[in-house]
Amino acid sequence: MIDTFGMMGEYCAGAQWLRLAMDFEKIGRTRMMIRLPRHRRQLADLNYSALCDLLERYGIAAMKRDELRAYKGNEEMLAEYDEQCQAMEDQAVKLIASASPRIVR
C-alpha cells in the first residue's frame, strides 16, 4: 500500500497508522528502558536481530495498550495486552542475560 507521503508500508488497521511512519523499535527500546531500569545500559547497547524484533513488537503492543487505556474500552483486551507486554519484558531480560559481549554495538 502507498501512503499519502509516497512511501511503501503496511497499514496497521487497529491503531490506524503506517508502519514506516514510526520507528517502533526505537519506541519499544525507550519504553523497555523505562520499564527495566536495571537493564537500561544493555538495552541501549545491544543491537541484534532477536532483540530488535522483540523491541519492535513491544513498541507496537505498548502503544496499543496505551490506546486501550485512554479510551477505557475493552478491559479484557487491555488485560491481554498487559500480559503480552509483561511476557515481552521477561523475554527481553532473558535475551539480555544470554547476549554475548560481541553483540554489543
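Structural data are supplied above this passage.
These figures come from a predicted structure and were not determined experimentally.

Undergrad: Lay out the overall build of the protein with the relevant residues and their values.
TA: Regarding its fold elements, the protein presents four helices and two strands. The linear arrangement of helices and strands in the protein, starting from the amino end, is β-β-α-α-α-α. Expressed as a percentage of contacts within the protein between residues at least 6 apart in sequence, the contacts between residues at least 24 apart total 60%. Accessible area of the protein: about 7000 Å², with a carbon and sulfur share of 54%.

Undergrad: Would you mind going over the pattern of salt bridges in detail, with residue names and values included?
TA: One side chain can pair with another of opposite charge once the charged atoms of both are near each other. Inspection of every chain in the model, using the stated rule, returns seven salt bridges. One salt bridge connects arginine 41 with aspartate 45, and the closest N-O pair in it is separated by 3.2 Å. Residue arginine 41 and its partner aspartate 45 are both found in helix H2 (residues 40-45); the two are separated by four residues, about one turn of the helix. In this structure arginine 41 comes out as exposed when scored by relative accessible area, which is 62%. Between lysine 64 and glutamate 67 there is a salt bridge whose closest N-O contact spans 3.4 Å. Of the two residues, lysine 64 and glutamate 67 are both situated in helix H3 (residues 49-71); the distance of three residues between them amounts to about one turn of the helix. With a relative accessible area of 26%, glutamate 67 lands in the partly exposed category.

Undergrad: Outline the environment of isoleucine 27, listing residues and values.
TA: Within the fold, isoleucine 27 resides in helix H1 (residues 24-35). Once the C-alpha coordinates of isoleucine 27 and methionine 63 are considered, the two residues, 36 residues apart in sequence, prove to be 8.8 Å apart. In this structure, isoleucine 27 is in contact with Met22, Gly59 and Met63, ignoring residues within four places of it in sequence.

Undergrad: Report on the packing of H3 against helix H4 (residues 75-97), specifying residues and quantitative values.
TA: For the pair H3 and H4, the least separation of the axes is 9 Å and the interaxial angle reads 155°. Relative to H4, the element H3 lies roughly antiparallel. Handedness of the crossing formed by H3 with H4: left-handed. Across the interface between the two elements, Ala50, Leu51, Leu54, Arg57, Tyr58, Ala61, Ala62, Lys64, Arg65, Leu68 and Arg69 from H3 touch Met77, Leu78, Tyr81, Asp82, Cys85, Met88, Glu89, Gln91, Ala92 and Leu95 from H4. Of the residues assigned to the contact of H3 with H4, the class counts are 14 nonpolar, one polar and six charged.

Undergrad: Break down the nonpolar core for me, with residues and values.
TA: Core analysis: the biggest nonpolar cluster contains 20 residues, and Met32, Leu43, Leu46, Tyr48, Leu51, Leu54 and Tyr58 have the highest contact counts within it. Contributions of two or more residues to this core are made by H3 and H4. Excluding residues that lie within four positions of it along the chain, leucine 43 makes contacts with Arg29, Met32, Met33, Leu36, Leu51, Leu55 and Ile96.

What counts, and at which threshold
- Residues numbered from 1 in each chain as written.
- Predicted model: local features only at pLDDT ≥ 70, side-chain atom pairs only at ≥ 80, totals over all residues.
- Heavy atoms only, no water.
- Helix = DSSP H or I, 4+ residues; strand = E, 2+ residues; numbered from the N terminus.
- Contact = heavy atoms within 4.5 Å.
- Areas by Shrake-Rupley, 256 points an atom, 1.4 Å probe, with all protein chains shown as cover.
- Salt bridge = Lys/Arg side-chain N within 4 Å of Asp/Glu carboxyl O.
- Buried < 20%, exposed > 50% of the residue type's maximum accessible area, 1.4 Å probe, protein only.
- Axes fitted to C-alpha atoms, helices over the stretch in contact; angles between N-to-C directions.
- Parallel < 35°, antiparallel > 145°, perpendicular 65-115°, else oblique.
- Left-handed = near helix turned anticlockwise from the far one by under 90°.
- Nonpolar A, V, L, I, M, F, W, Y, C, P; charged D, E, K, R; others polar.
- Core = buried A, V, L, I, M, F, W, Y, C linked by side-chain atoms within 4.5 Å.

These values are about where atoms sit, not about what they do.
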